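# Coordinate inspection notes
The chain contents come next:
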Amino acid sequence: MEESEQLKKIKAGDVRTASRLIRNLEDEIPEAKNALKRIFLHTGKAHVVGITGSPGAGKSTLVDALITSYRKKGDTVGVLAVDPTSPFTGGAILGDRIRMQKHAEDSGVFVRSLATRGALGGLSKAVGDAVHVLDVMGKNLILIETVGAGQQEVDIINHSHTVIVVLVPGMGDDIQAIKAGMMEIADIFVINKADRDGANKLYNELVAMLNMAHEFPGGWRPPIIKIGNCFDAVSFAQSVDKLAATVADHYRCLEETGLLGDRMKRKAMVELGESLRDAILSPILKEMTQSGEMDLFVEKLLKKEADPYTIAEEAARRYLK
Amino acid sequence: MTEKRIRIMVAKPGLDGHDRGARILARAFRDAGYEVIYTGVHQTPEQIAAAAIQEDVDLVGLSCLSGAHGYLFPRVVELLREKGAEDITVIGGGIIPDQDFQKLYDAGIKAIFTPGASLESILEWVGANVKPRD
Ligand SMILES: Nc1nc2c(ncn2[C@@H]2O[C@H](COP(=O)(O)OP(=O)(O)O)[C@@H](O)[C@H]2O)c(=O)[nH]1
Ligand SMILES: [Mg+2]
C-alpha cells in the first residue's frame, strides 16, 4: 500500500489498515517501521492511561466499564491489553477481550490484545508503537492494561501519562507485598472489589504510605478510589465515572503544573532508548548469535579465559565505527 | 527480528454457554505456539467479525453446540467479506450433522470438526492450511 494512502486510511479510522500495521510492527516487519516514521509526526494528541495490577484484580472488567463511561461523554477509546506468552511454547491465550466484547461493534472503540512474547524490552516497544497507531486513528483515550509484575511492566507504563494501580483486598495485595516500583509510578490507586473484607485496612495502609512521602510533584497526591462489586451495576458505574473524572483531573494537573512536559519527556526518552537499542544493539546481537560468536564467548567466560567487559569493549570497537 | 506469528481467534457464537470445548481448543492452540484470542460465550456474528478484524487474526475457530451453526457460521464469513477481510480463514466445530457439511463449505467455512475430532487432527489441519500472511 502506498504510504500516504495508508496514513490517510488510518487517520480516517480504518480498522483493517490500523490493525494490520500494529501487527506488522509487532512482527517487526521493516516496511511497517517506515510507516511509523511518517506516523510519529502526527502523534501526541491522545491521553494515554496505564492500568496495572495483579492477575484477577479486575483490570479488564474495569477497562470495560471505563470504556462505557468515556463513550457516554463522546470520547473515543483505544485499548491495548497485554497478556503473558507461555515461556514453554511461545503461544499465548489472550482473554482480556472477554470482558470488553460488548463494545466490539462500536466504531468509537478499538481493542487489541498483545502477547508479551518474552522478548527483552521488545514488548514495551511494541506497545509504544501500537499507542502511536491508535493515537493517529484519533482515539482520545488510550488504555493500556498490563499485569503488574516486573521491570517490563514498568517500562510499558512509561508510555502513559496517567498510571492507575489496581489493588484488591485480601489478595496478598498488602503494602509490603507490592513492588516498590509499582507504588512509585501510581498516579491513582484503585481499591477494587472494595466490598470485600480488608478494604478499609488496605485503604488505611495506603494512606499511611502516602503520608510518609515528603512531597508530591505538582502537588498531586495520588487519590485512592474504592470501587465495589462489579455485579452491583449502578454503584459500580458511579465509582467508575468517578475514576474517569479523576483520570481527567490528573491530566489537567499535568497540564497546569507543566508536569505534562516531564511525562512527555519520559515517554520520549523511553522511546528513543528503545529505538536505539533496536537499531544498534539488536543487529549486533543477531550477528554475534548467528555467527556462533556468542556461544564461543560464553564458553570463554565459563572457563574464566575472558571477562565480559573486555569482550563487550572489543565488540563495540569492531561494530561501532 | 522479523517473525510473522499466526494469530487465532476462538469464538462461541449463539446461545449455548458451554465453553469447555472452546477453552480446551484455545489451550491446545496456545500449546502449539499460536497466539490465541478468546472472546467468551454468547457472541453475535457481528461481534466476532469486528473483533477478528481489530485483532487481525489469520483464523477464526467457531464453536457452536446449540444447533444454530447453519445461520451463525455463514453469517460470520459474510460479515468478514463485507469488511474486506475475506482472507481470514473460518473453521467451525460443534454438534453438526453430516448433511449440513456441504452447505457450510459452500458458504465459505473451510473445515468442520465434530465432537469426535481429535485435537491433533485440528492442529494438523491448521498447520497445513493456515500460513503466515504474505
Ligand atoms: N466480586 C467481584 N468480582 C470481580 C469484580 N471485578 C472483576 N471481578 C471478577 O474477577 C475476575 C477477574 O476479572 P478480570 O477483569 O478479568 O481481571 P484482570 O485479570 O485483572 O483483568 C472475573 O471473574 C471477574 O468477573 C468485582 O468488582 N467484584
Ligand atoms: Mg485482564
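None of the values given here were measured: they were computed from a predicted structure. (Residues numbered from 1 in each chain as written. Chains lettered and ligands numbered in written order. Predicted model: local features only at pLDDT ≥ 70, side-chain atom pairs only at ≥ 80, totals over all residues. Heavy atoms only, no water.)

### Digging into the overall build of chain A
Heads up, the condition is: For helices the rule is a DSSP run of H or I covering at least 4 residues; for strands it is a run of E covering at least 2, with both sets numbered from the N terminus onward. Each radius of gyration reported is based on C-alpha atoms, and the globular scaling rule is 2.2 Å times the count of residues to the power 0.38. Three labels apply to residues, based on accessible area from a 1.4 Å probe with only protein chains included: buried if under 20% of the type maximum, exposed if over 50%, partly exposed otherwise in between. The contact rule is simple, with two residues in contact once any of their heavy atoms fall within 4.5 Å. Values of accessible area rely on a 1.4 Å probe in the Shrake-Rupley scheme; residue burial ignores everything except the protein chains shown. Under this rule, positive means Lys or Arg and negative means Asp or Glu; His and the chain ends count for nothing. Think of each charge as sitting on NZ of Lys, CZ of Arg, CG of Asp or CD of Glu.
A tally of helices and strands in chain A yields 12 helices and 8 strands. Taken against the 2.2 N^0.38 rule, which gives 20 Å for 321 residues, the C-alpha radius of gyration of chain A at 21 Å falls within 12% of a compact globule. Here chain A holds 321 residues, and the buried ones make up 49% of them. Within chain A, contacts between residues at least 6 apart in sequence are counted, and of these 75% link residues at least 24 apart. Carbon and sulfur atoms make up 56% of the accessible area of chain A, which amounts to about 15,500 Å² in all. Separation between the mean location of the 41 positive side-chain charges and that of the 44 negative ones in chain A comes to 3 Å.

### Some details on the overall build of chain B
Of regular secondary structure, chain B possesses 5 helices and 5 strands. Computed over C-alpha atoms, the radius of gyration of chain B comes to 14 Å, within 12% of the 14 Å expected from 2.2 N^0.38 for 134 residues, which places it in the range of a compact globule. The dimensions of chain B, computed from C-alpha atoms along their principal axes, are 45 × 30 × 25 Å. For chain B, the residues scored as buried account for 55% of the 134 residues in total. Long-range contacts, defined here as pairs at least 24 residues apart, represent 70% of the contacts in chain B between residues at least 6 apart. A total accessible area of about 5,900 Å² is found for chain B, and carbon and sulfur atoms account for 51% of it. Positive and negative side-chain charges of chain B, numbering 15 and 19 respectively, have mean locations separated by a distance of 3 Å.

### Concerning the packing of aromatic side chains
One pair of aromatic rings is described through two measures. These are the centre distance and the angle between the planes. Filter applied, for reference: Classification of ring pairs uses Phe, Tyr and Trp, with its six-membered ring standing for Trp, and accepts pairs whose centres are within 6.5 Å; under 30 degrees between planes counts as stacked, over 60 as edge-to-face, and the remaining range as tilted. Only when the NZ of Lys or the CZ of Arg is both within 6 Å of the ring centre and within 35 degrees of the ring normal is a charge said to sit over the ring.
If you walk through the whole model with that rule in mind, you get 2 aromatic pairs over all chains. Taking the centre distance of 5.9 Å and the plane angle of 80 degrees together, the rings of Phe29 of chain B and Tyr34 of chain B count as edge-to-face. Note on accessibility: Phe29 of chain B and Tyr34 of chain B belong to one class, buried. Between Phe101 of chain B and Tyr105 of chain B, the ring centres sit 6.2 Å apart and the planes meet at 90 degrees, which makes this aromatic pair edge-to-face. Of the two residues, Phe101 of chain B and Tyr105 of chain B are both situated in helix H4 (residues 101-106); the distance of 4 residues between them amounts to about one turn of the helix. The partly exposed category is assigned to Tyr105 of chain B, whose relative accessible area is 34%. Positioned over the ring face of Tyr203 of chain A is Lys226 of chain A, at 4.7 Å from the centre of the ring.

### Observations regarding the pairing of strand S5 (residues 141-147) of chain A
Residues and elements named next belong to chain A. Short version of the rule: Any two strands are treated as partners once DSSP identifies two or more bridges connecting them.
Most of S5 is tucked away: 7 of the 7 residues are buried. The alternating pattern of S5 places Leu141, Leu143, Glu145 and Val147 on one face and Ile142, Ile144 and Thr146 on the opposite face, and all of these are buried. Two strands pair when backbone bridges link them, and strand S1 (residues 47-53) and S5 are joined in this way by 7 bridges, in the parallel orientation. Looking at S5, one finds that Thr52 is bridged to Thr146. In this sheet, S5 lies alongside strand S2 (residues 77-83) in parallel orientation, the contact comprising 5 bridges.

### Some thoughts on the coordination of the magnesium ion (ligand 2)
All names here are of chain A. What counts here: Only nitrogen, oxygen and sulfur atoms qualify as donors, provided they sit within 2.8 Å of the metal or within 3.2 Å for Na, K and Ca; with water excluded from the atoms, sites may seem incomplete.
All of the protein donors around the magnesium ion (ligand 2) are Ser60 (OG), Asp96 (OD) and Glu145 (OE); their distances to the metal are 2.1 to 2.2 Å. All donors to the magnesium ion (ligand 2) come from one chain, and their sequence spacing reads S-x35-D-x48-E. Of the two residues, Ser60 sits in helix H4 (residues 59-72) while Glu145 sits in strand S5, which places them 85 residues apart along the sequence. On the basis of relative accessible area, Glu145 is assigned to the buried category, the value being 3%.

### Topic: the interface of chain A and chain B
Operational definition: Buried surface area refers to the total accessible area, computed with a probe of radius 1.4 Å, that the two partners give up upon joining, counted for both partners together. Here, a salt bridge means any Lys or Arg side-chain nitrogen found within 4 Å of an Asp or Glu carboxyl oxygen. In the analysis that follows, any N or O atom pair within 3.5 Å is treated as a polar contact, provided that within protein one partner can donate a hydrogen and the other can accept it, and provided that, for residues neighboring in sequence, both atoms belong to side chains.
Facing the 33 residues of chain A at the interface are 36 residues of chain B. Buried area between chain A and chain B, summed over both chains or domains, comes out near 2,900 Å², and the portion from carbon and sulfur atoms is 46%. The largest contributions to the chain A side of the interface with chain B come from Arg16, Arg23 and Ile93 of chain A, which together make up 23% of the buried area. Summed over the shared surface of chain A and chain B, the result is 8 salt bridges. Residue Asp56 of chain B pairs with Arg23 of chain A through a salt bridge whose shortest N-O separation is 3.5 Å. There are 27 residue pairs in polar contact (both at pLDDT 80 or more) connecting chain A and chain B. Among the elements of the structure, helix H2 (15-26), strand S3 (92-94) and strand S4 (109-115) of chain A are those that each provide at least two residues to the side of chain A that touches chain B. Looking at the side of chain A that touches chain B element by element, the count peaks at 7 residues for H2 of chain A. The sheet contact formed by S3 of chain A and strand S2 (residues 35-38) of chain B spans 3 bridges and is parallel. Each residue of the ladder has a partner; that of Ala92 of chain A, found in S2 of chain B, is Glu35 of chain B.

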